[in-house]
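Structural description and commentary
Next come the chains, spelled out residue by residue.
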Amino acid sequence: MTRDRITLRGLRARGHHGVFDFERRQGQDFVVDAVLYLNTAPAAASDDVGDTVHYGVLADRLVAIVEGEPVNLIETLAERLATECMTEPLVEGVELTVHKPSAPIEHEFADVAVTVTRGKRGVW
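Note that the coordinates shown come from a computational prediction; the quantities given were computed from them, not determined experimentally. (Residues numbered from 1 in each chain as written. Predicted model: local features only at pLDDT ≥ 70, side-chain atom pairs only at ≥ 80, totals over all residues. Heavy atoms only, no water.)

On to the side chain of Glu-88, then. Within the secondary structure, Glu-88 sits in the loop between helix 4 (74–86) and strand 3 (93–99). Excluding residues within four positions of it along the chain, Glu-88 makes contact with Val-53, Arg-61 and Lys-120. (Helix = DSSP H or I, 4+ residues; strand = E, 2+ residues; numbered from the N terminus. Contact = heavy atoms within 4.5 Å.)

Once that is clear, we can look at a nonpolar patch on the surface. Side chains of Val-19, Phe-20, Phe-22 and Leu-73 sit close together on the surface and give an oily, nonpolar patch of about 350 Å² of accessible area. If you trace the backbone, Val-19 turns up in the loop between strand 1 (5–15) and helix 1 (21–26). (Patch = residues over 30% accessible without salt bridge, like charges linked within 9 Å, V, L, I, M, F, W, Y side chains within 5 Å. Areas by Shrake-Rupley, 256 points an atom, 1.4 Å probe, with all protein chains shown as cover. Salt bridge = Lys/Arg side-chain N within 4 Å of Asp/Glu carboxyl O.)

Here the focus is helix 3 (residues 55–67). An ideal rise of 1.5 Å per residue puts 18 Å on 13 residues; helix 3 measures up with 18 Å between its terminal C-alpha atoms. Those residues of helix 3 not exposed but buried are Leu-58, Ala-59, Leu-62, Val-63, Ile-65 and Val-66. Along helix 3, the residues classed as buried sweep out an arc of 155° about the axis, all on the same side. (Expected span 1.5 Å × (residues − 1). Buried < 20%, exposed > 50% of the residue type's maximum accessible area, 1.4 Å probe, protein only. Arc of directions from axis to C-beta.)

Pairing in this open sheet of 4 strands is antiparallel, and the strands run 1-2-3-4 from one edge to the other. Of all the strands in the sheet, just strand 1 and strand 4 (113–119) have a single pairing partner and so form its edges. Pairwise comparison of adjacent strand axes, ignoring direction, gives a mean angle of 15° for this sheet. Sheet topology note: the strand 2 (residues 28–37)/strand 3 ladder contains 7 bridges and is antiparallel. In the sheet register, Tyr-37 faces strand 3, and the bridge partner there is Gly-93. Sitting on the sheet, helix 3 touches strand 1 and strand 2, and the angle it makes with strand 1 is about 35°. Sitting on the sheet, helix 4 touches strand 2, strand 3 and strand 4, and the angle it makes with strand 3 is about 145°. (Pairing = 2+ DSSP bridges. Axes fitted to C-alpha atoms, helices over the stretch in contact; angles between N-to-C directions.)

Pasting the structure below:
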């Protein structure tokens, strides 16, 4: 297993996820952090984006999921996003965090987040 990584932090998109009707109606911003584990040596040697994960294209796919079909829990959203990251052939593992900065909590708070870690069998 490699310890090289590509990190995409603070990817912001508006979604309609949550257990409350008003969350689904009004929507809110979600912030995604993705840490992809892969061997970056082939890309470094070739200097070719085809030998790595094109993080701009991946960001588009992750935003589409956040903006897409609503779910009740950010645990479910995190799982969907991590699964999408793992479809990248070069990715051996991912640590994916979904932040819900406007969660309906009646107390002052800095952040609510769920982090999942997924990897390929035999590698991770």
